[in-house]
Each structure stands twice: as structure tokens, then as C-alpha cells.
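Chain residues, written in single-letter form:
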Amino acid sequence: MSLSRDQGSKYSVHVSQYSTLTDREYDEEASKSLDALLCCLEDIGDEIEMDDFDVEYSSGVLTLRLGEKGTYVINKQPPNKQIWLSSPVSGPERYDFDCKHKAWFCRHTDESLGALLSREISSALGFQFVMPIK
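The sections below set out a description of the structure shown in this document. (Residues numbered from 1 in each chain as written. Predicted model: local features only at pLDDT ≥ 70, side-chain atom pairs only at ≥ 80, totals over all residues. Heavy atoms only, no water.)

With respect to the overall build of the protein
Inclusion rule: Per the convention used, a helix needs a DSSP run of H or I reaching at least four residues, while a strand needs a run of E reaching at least two, with both numbered from the N terminus. We call a residue buried when its accessible area falls under 20% of the maximum for its residue type, exposed when it is over 50%, and partly exposed in between, using a 1.4 Å probe and counting protein chains only. By definition, residues are in contact when any of their heavy atoms lie within 4.5 Å.
Of regular secondary structure, the protein possesses two helices and eight strands. When the helices and strands of the protein are read in sequence order from the N terminus, they spell out β-β-α-β-β-β-β-β-β-α. Within the protein, the fraction of its 134 residues that count as buried is 44%. Put simply, 38% of the contacts in the protein that link residues at least 6 apart link residues at least 24 apart.

Written out as C-alpha cells, the structure reads:
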């Protein structure tokens, strides 16, 4: 893994090889991440006044509905040991877990799942917050 400075003056993570997780390790990391997202989003839903805000988690699939702002679907993909995201803003993407940094990274964009969700959902809701995952 190497860090390089990009044009936005922030460091971009380049993952050359993702850590191999066992099935059990993958399930623990993916479940821990989705549980943390669920708790955070439920807390946000309790604090904001948005009629169409809804979050649910069932069978490894977390769905966040933001009314006319769109729907996010974040789900476990055990065969690939990935988390998949469907975003109304950035579209579909797949995330692999990096054991060294304890974060889910997209191979195509080098952005972490937590960073992308923090940016997009903050923009949709109109206030800044940081997701509890990297």
C-alpha cells in the first residue's frame, strides 16, 4: 500500500493487494461495519425532521431511504468477501476490506466506504457528519 498526494491536497490510498480474510473474519468485519452504520443512521433519523427518512437492516442488506434524494443499498457479498453499495449519487460500487487500515476500500476510486457515505449523505441531508466506519 502506498500513499500519494492528489490534486485535492489530501492523501489517496492506493491498495495494491487486499488482505485475504477467512470467511469468519469477513463475516465479523462486514457485520460490524453494517451494524455501526445502522446505529449511526438510526440516531440521525431520530434527530432530523425528514418524513421520508427510513433505514432498515435485514439478512445482510442495509437500506437507507431518503425520499426524493434517493435510496442507498449496502449489502454483504460473502462469495466475494466484499460489501456492495448502490448509491443514488455515485452508482454501484464494490468494496474490499483492508486489514491494515481496518477499512473498506473501492479498488476503482481508492475511496473508503465510510468517506463516500459521509460525503454523499451529509450533502443529501444538508449537514456535516462522519460515518462510524472508515
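There is more to say, and it comes next.
Regarding the pairing of strand 6 (residues 82–87)
Note the following rule: A pair of strands counts as paired when DSSP detects no fewer than two bridges linking them.
Across five bridges, strand 5 (residues 71–77) lies against strand 6 in antiparallel orientation. Each bridged residue has a counterpart across the sheet, and for Ile74 the counterpart in strand 6 is Leu85. Between the antiparallel neighbours strand 5 and strand 6 lie four residues, among them Lys81 with a positive phi of about 55°. Pairing between strand 6 and strand 7 (residues 91–98): six bridges, direction antiparallel. Looking across to strand 7, one finds that Gln82 is bridged to Asp96. With antiparallel pairing between neighbouring strands as the criterion, strand 6 and strand 7 make up a hairpin whose turn holds three residues.

Examining the side chain of Glu29
If you trace the backbone, Glu29 turns up in helix 1 (residues 23–47). Those residues in contact with Glu29 that sit more than four places away from it in its chain are Phe97, Lys102 and Trp104.

With respect to the pattern of salt bridges
Going by this rule: By salt bridge we mean one thing: a side-chain nitrogen of Lys or Arg within 4 Å of a carboxyl oxygen of Asp or Glu.
Under the definition given, this model contains nine salt bridges. Note that Asp27 and Lys76 form a salt bridge whose closest N and O atoms lie 2.6 Å from each other. Taken together, the residues span a long stretch of sequence, with Asp27 in helix 1 and Lys76 in strand 5 at a distance of 49 residues. With relative accessibility at 38%, the residue Asp27 sits in the partly exposed group. Given a relative accessible area of 16%, Lys76 falls into the buried group.

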